[in-house]
Amino acid sequence: PRQAQLQAAVPARVNALKADTRLRPDAVSALTTLKRRGLSTGVISDCTHELPAFLPSLPVAPLLDVRVFSVEVGVCKPDPAIYLAACDQLDVAAEECVYVGDGGSRELTGAAAVGMTAVRLDAPDLRDHLVFDRDTGFDGPSVRSLTELLTLINRSPALV
């Protein structure tokens, strides 16, 4: 391809991935509740350059204190460095963090290995979701929604 074609392809790819991105229906309300409680929030994602390009335009962006992207830190989950990068940016110990994920990339056992409290998001719509390197060894708590996560946090003050 010519240079002009490549320059046109990059924003087209970013736009295509953005169009295919769906936030959880309760993402904004759950993050807003956490922020109102004075808790810091962040995202850790295995991704290529597209997510960092369009995440700032999503409604959750102002609710995230840190964003750690594998494409920027050079490692993927479950490498401890990706979780510890978020801890460093938040200026908290891993033991003070609750990590929530669907279990792809062995992310839950990775988070637990650095000391985070890991919680599986086991929403019904994720049952047939394509997951790479599923975290089959995780036996910790699970929630069916982010709203249910808030309930779990309310019942377990030790989580925060």
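Basis of the calculations
- Residues numbered from 1 in each chain as written.
- Predicted model: local features only at pLDDT ≥ 70, side-chain atom pairs only at ≥ 80, totals over all residues.
- Heavy atoms only, no water.
- Phe/Tyr/Trp six-rings, centres within 6.5 Å; stacked < 30°, edge-to-face > 60°.
- Helix = DSSP H or I, 4+ residues; strand = E, 2+ residues; numbered from the N terminus.
- Buried < 20%, exposed > 50% of the residue type's maximum accessible area, 1.4 Å probe, protein only.
- Core = buried A, V, L, I, M, F, W, Y, C linked by side-chain atoms within 4.5 Å.
- Contact = heavy atoms within 4.5 Å.
- Pairing = 2+ DSSP bridges.
- Salt bridge = Lys/Arg side-chain N within 4 Å of Asp/Glu carboxyl O.

Quick look at the packing of aromatic side chains
All chains considered together, the criterion is met by one aromatic pair. Where Tyr 83 meets Tyr 99, the ring centres are 5.5 Å apart and the plane angle is 75°; that geometry is what we call edge-to-face. Placement of the pair is Tyr 83 in helix 5 (residues 80–90) and Tyr 99 in strand 3 (residues 98–101), with a sequence separation of 16 residues. Using a relative accessible area of 0% as the deciding quantity, one classes Tyr 83 as buried.

Considerations on the nonpolar core
By size, the foremost hydrophobic cluster in this structure holds 25 residues, and its most contacted members are Leu 31, Leu 51, Leu 55, Val 60, Leu 121, Val 143 and Leu 149. Secondary-structure elements contributing two or more residues to this core are helix 2 (27–36), helix 3 (50–54), strand 4 (117–121) and helix 7 (146–155). Ignoring sequence-local partners within four residues, the contact set of Leu 51 consists of Ser 45, Pro 56 and Phe 69. Counting 17 residues, the second-largest nonpolar core is a separate cluster that includes Ile 44, Val 75, Ile 82 and Tyr 99.

Observations regarding the sheet that holds strand 5 (residues 142–143)
Spatial ordering of the open sheet is given by 3-4-5, a layout of three strands whose pairing is parallel. Each end of this open sheet is capped by a strand with a single partner; those strands are strand 3 and strand 5. One ladder, built from four bridges, connects strand 3 with strand 4; its direction is parallel. Opposite Gly 101, over in strand 4, you have Arg 120 as the bridge partner.

Description of unusual backbone geometry
Lys 77 connects to Pro 78 through a cis peptide bond whose omega is 10°. Positive phi is not limited to glycine here, since Asp 91 has a value of about 60°. Of note in this structure, Asp 133 is not a glycine but carries a positive phi near 55°. Within the secondary structure, Asp 133 sits in the loop between strand 4 and strand 5.

Remarks on the pattern of salt bridges
Side-chain pairs of opposite charge can arise whenever the charged atoms involved come near each other. Under the defined criterion, the tally for this structure stands at five salt bridges. Measuring nitrogen to oxygen at the nearest pair gives 2.6 Å for the salt bridge that ties Asp 125 to Arg 24. With Asp 125 in the loop between strand 4 and strand 5 and Arg 24 in the loop between helix 1 (3–19) and helix 2, the pair connects residues that are 101 residues apart, well separated along the chain. Across the salt bridge formed by Asp 65 and Lys 35, the nearest N and O atoms sit 2.6 Å from each other. Of the two residues, Asp 65 is situated in the loop between helix 3 and strand 2 (66–69) and Lys 35 in helix 2; the sequence distance between them amounts to 30 residues.

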